[in-house]
Each structure stands twice: as structure tokens, then as C-alpha cells.
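Single-letter residue listing:
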Amino acid sequence: MEATAKVTFVRIAPRKVQIVLDLIRNQPVDKAMAILKYTPKAACEVVSKLLKSAMANAENNKDMDVSKLYVAECFVCPGPTLKRIRPRAQGRANRILKRTSHITLVLKEME
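The following paragraphs examine the structure supplied in this document.

## Observations concerning the pairing of strand S4 (residues 93-98)
Regular strands show a simple pattern: their side chains alternate between the two faces of the sheet.
Then comes step 1: As judged from the 6 bridges shared by strand S3 (residues 82-87) and S4, these two strands associate in the antiparallel manner. In the sheet register, Ile 85 faces S4, and the bridge partner there is Arg 95.
Then comes step 2: Once S3 ends, the chain turns through 5 residues before running back antiparallel as S4, passing Gln 90 with a positive phi of about 60°.

Here it is as C-alpha cells:
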């Protein structure tokens, strides 16, 4: 049995989210929540909301015991990139890439 949660089109770069996901992979959910709470990264807020959603899915939809859950899989895929222009000196322009992410979290019960 596994419970999943997914968030798409998050306006944060995938490489920044990947750092946070590496911290919580294969951790029990209570420890993962503590890690996310005390890690000073922008992606922690989004990932903690996603973890709470996955826990709620496990409890309400799959009838799993929340105390036995752990983060089995978590990964991030790049979403569409928003392309913006920054004016530069002498009439030139630089392109700014505002990257987005699709984050997936899978919880399983420990045996």
C-alpha cells in the first residue's frame, strides 16, 4: 500500500527542491516534518504542505496508520520555464529563466 501526493507548476527551481527532498528521503514522516520545519530553505514550505497532503491521503483514502508511514519516494521534475527579459546597457536585453517544478511524494507503511 502506498499513498501519493503531487504538486505541479510550483514557482521554484527543481535544483533547489532536490536539495530538500534528499534530506527527507527514507525518513519516517514525523522526522521528515521536523527536518522540514527547521531547515531554512524556500522549498521546505511547499514540501511540508505536500507531505501533510500525502499523510492525509494515506489516512483518509487508504486507511493506513500514520505512525508507521515513511517517505518511500520523492522526486522533482522540471515544469515549463517562464521566459522573461531584463533590459541591459546600450539597448541590449538578457533573458531570465523562471523555472517551475512538479514535485511527487510517495508514502509507504513500515513492515
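## Examining the environment of Phe 9
Then comes step 1: With respect to the secondary-structure elements, Phe 9 resides in strand S1 (residues 2-10).
Then comes step 2: Separated by 27 residues in sequence, Phe 9 and Leu 36 place their C-alpha atoms 20 Å apart.
Then comes step 3: Filtering out sequence-adjacent residues up to four positions away, Phe 9 remains in contact with Pro 80, Thr 100, Ser 101 and His 102.

## Section: the state of the cysteines
Then comes step 1: Summed over all chains, the structure comprises 0 disulfides.
Then comes step 2: No disulfide involves Cys 44; its sulfur sits 12 Å from that of Cys 74, the nearest cysteine.
Then comes step 3: Between Cys 77, a cysteine without a disulfide, and Cys 74, which holds the nearest cysteine sulfur, the sulfur-to-sulfur distance is 12 Å.

## A short note on the packing of helix H1 (residues 14-24) against helix H2 (residues 29-37)
Then comes step 1: Interhelical geometry of H1 versus H2 gives an angle of 140° and a closest axis separation of 9 Å. Crossing hand, H1 versus H2: right-handed. Between H1, through Val 20, Leu 23 and Ile 24, and H2, the contact on the second element is made entirely by Ala 32, Ile 35 and Leu 36.
Then comes step 2: In terms of residue class, the contact of H1 with H2 is built from 6 nonpolar, no polar and no charged.

Criteria and thresholds
Residues numbered from 1 in each chain as written. Predicted model: local features only at pLDDT ≥ 70, side-chain atom pairs only at ≥ 80, totals over all residues. Heavy atoms only, no water. Pairing = 2+ DSSP bridges. Helix = DSSP H or I, 4+ residues; strand = E, 2+ residues; numbered from the N terminus. Contact = heavy atoms within 4.5 Å. Disulfide = S-S within 2.5 Å. Axes fitted to C-alpha atoms, helices over the stretch in contact; angles between N-to-C directions. Left-handed = near helix turned anticlockwise from the far one by under 90°. Nonpolar A, V, L, I, M, F, W, Y, C, P; charged D, E, K, R; others polar.

Don't take any of this as a statement about function, it's just geometry.
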